[in-house]
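So the chains spell out like this:
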Amino acid sequence: MEQANQIVMLADTFPAKTHLLITCLTDTDPLVASFSSDGTSFEIYDQSLFAQKYLPQYFKHSNYGSFVRQLNLYGFTSSRLKVCRLSFHLKLSG
């Protein structure tokens with residue numbers, strides 16, 4: 001866990017920490033959250049576990065709503081999919 005904390009400290013921006021978090025979950029707990037198969041978006045399947053267990057490891061809070069608001073500030077859009085999951089996609093201009 002100490003090595004994971006050091007890696008998180010190197011990711012000093014919200015997008016970098018989010019990328020690290022989703023990468024970690026894709027590899028270790030894909031039933032909570034993971035990147036899409038083409039890598040252009042990510043999906044959160046278990047919002048409660050994501051907020052309670054994983055957000056505090058990467059951010060200074062466990063508030064899922066705040067996490068989503070930050071995503072929106074960085075240009076991510078969300079769409080509700082079947083089976084109560086959220087998909088986030090960053091639209092790149094140009």
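Predicted, not measured: the structure shown is a model, and the values here were computed from it.

Conventions and cut-offs
Residues numbered from 1 in each chain as written. Predicted model: local features only at pLDDT ≥ 70, side-chain atom pairs only at ≥ 80, totals over all residues. Heavy atoms only, no water. Helix = DSSP H or I, 4+ residues; strand = E, 2+ residues; numbered from the N terminus. Buried < 20%, exposed > 50% of the residue type's maximum accessible area, 1.4 Å probe, protein only. Contact = heavy atoms within 4.5 Å. Areas by Shrake-Rupley, 256 points an atom, 1.4 Å probe, with all protein chains shown as cover. Core = buried A, V, L, I, M, F, W, Y, C linked by side-chain atoms within 4.5 Å. pLDDT = per-residue confidence, 0-100. Polar contact = N/O pair within 3.5 Å; in protein donor to acceptor, adjacent residues only side chain to side chain. Pairing = 2+ DSSP bridges.

Regarding its fold elements, the protein chain presents four helices and four strands. Reading the helices (α) and strands (β) of the protein chain from amino to carboxyl end gives α-α-β-β-α-α-β-β. The 94 residues of the protein chain split such that 32% are buried. Summarising the internal contacts of the protein chain: among those between residues at least 6 apart in sequence, 40% fall at separations of at least 24. For the protein chain, the computed accessible surface area is about 6100 Å², with 55% contributed by carbon and sulfur atoms.

What follows covers the nonpolar core. In this structure, L21, F50 and F67 are the most contacted members of the largest nonpolar core, which totals 19 residues. Among the secondary structure elements, those contributing two or more residues to this core are α2 (14–28), β2 (41–44), α3 (47–58) and α4 (64–73). Non-local contacts of F67, meaning those with residues more than four positions away in its chain, are made with F14, T18, I44, F50, L55, F59 and H61.

Right, let's get into the confidence of the model for the protein chain. Per-chain confidence: the protein chain averages 81 in pLDDT, with 74% of residues scoring 70 or above. Highest mean pLDDT in the protein chain belongs to α3 (96); lowest belongs to helix α1 (residues 2–10) (54).

The next thing to look at is the side chain of S34. Checked against the element boundaries, S34 lands in strand β1 (residues 33–35). Classification of S34 by relative accessible area gives buried; the value is 9%. Side chain to side chain, S34 and Y45 meet in a polar contact 3.3 Å long. Residues within four places of S34 in sequence aside, it is in contact with I22, T26, F42, E43 and Y45.

Before going further, it helps to spend a moment on the pairing of β2. Alternating positions in β2 separate into two faces, S41 and E43 on one and F42 and I44 on the other, with burial throughout. Taken together, the three bridges between β1 and β2 define a ladder with antiparallel strand orientation. Its bridge partner lying in β2, S34 is registered against E43.

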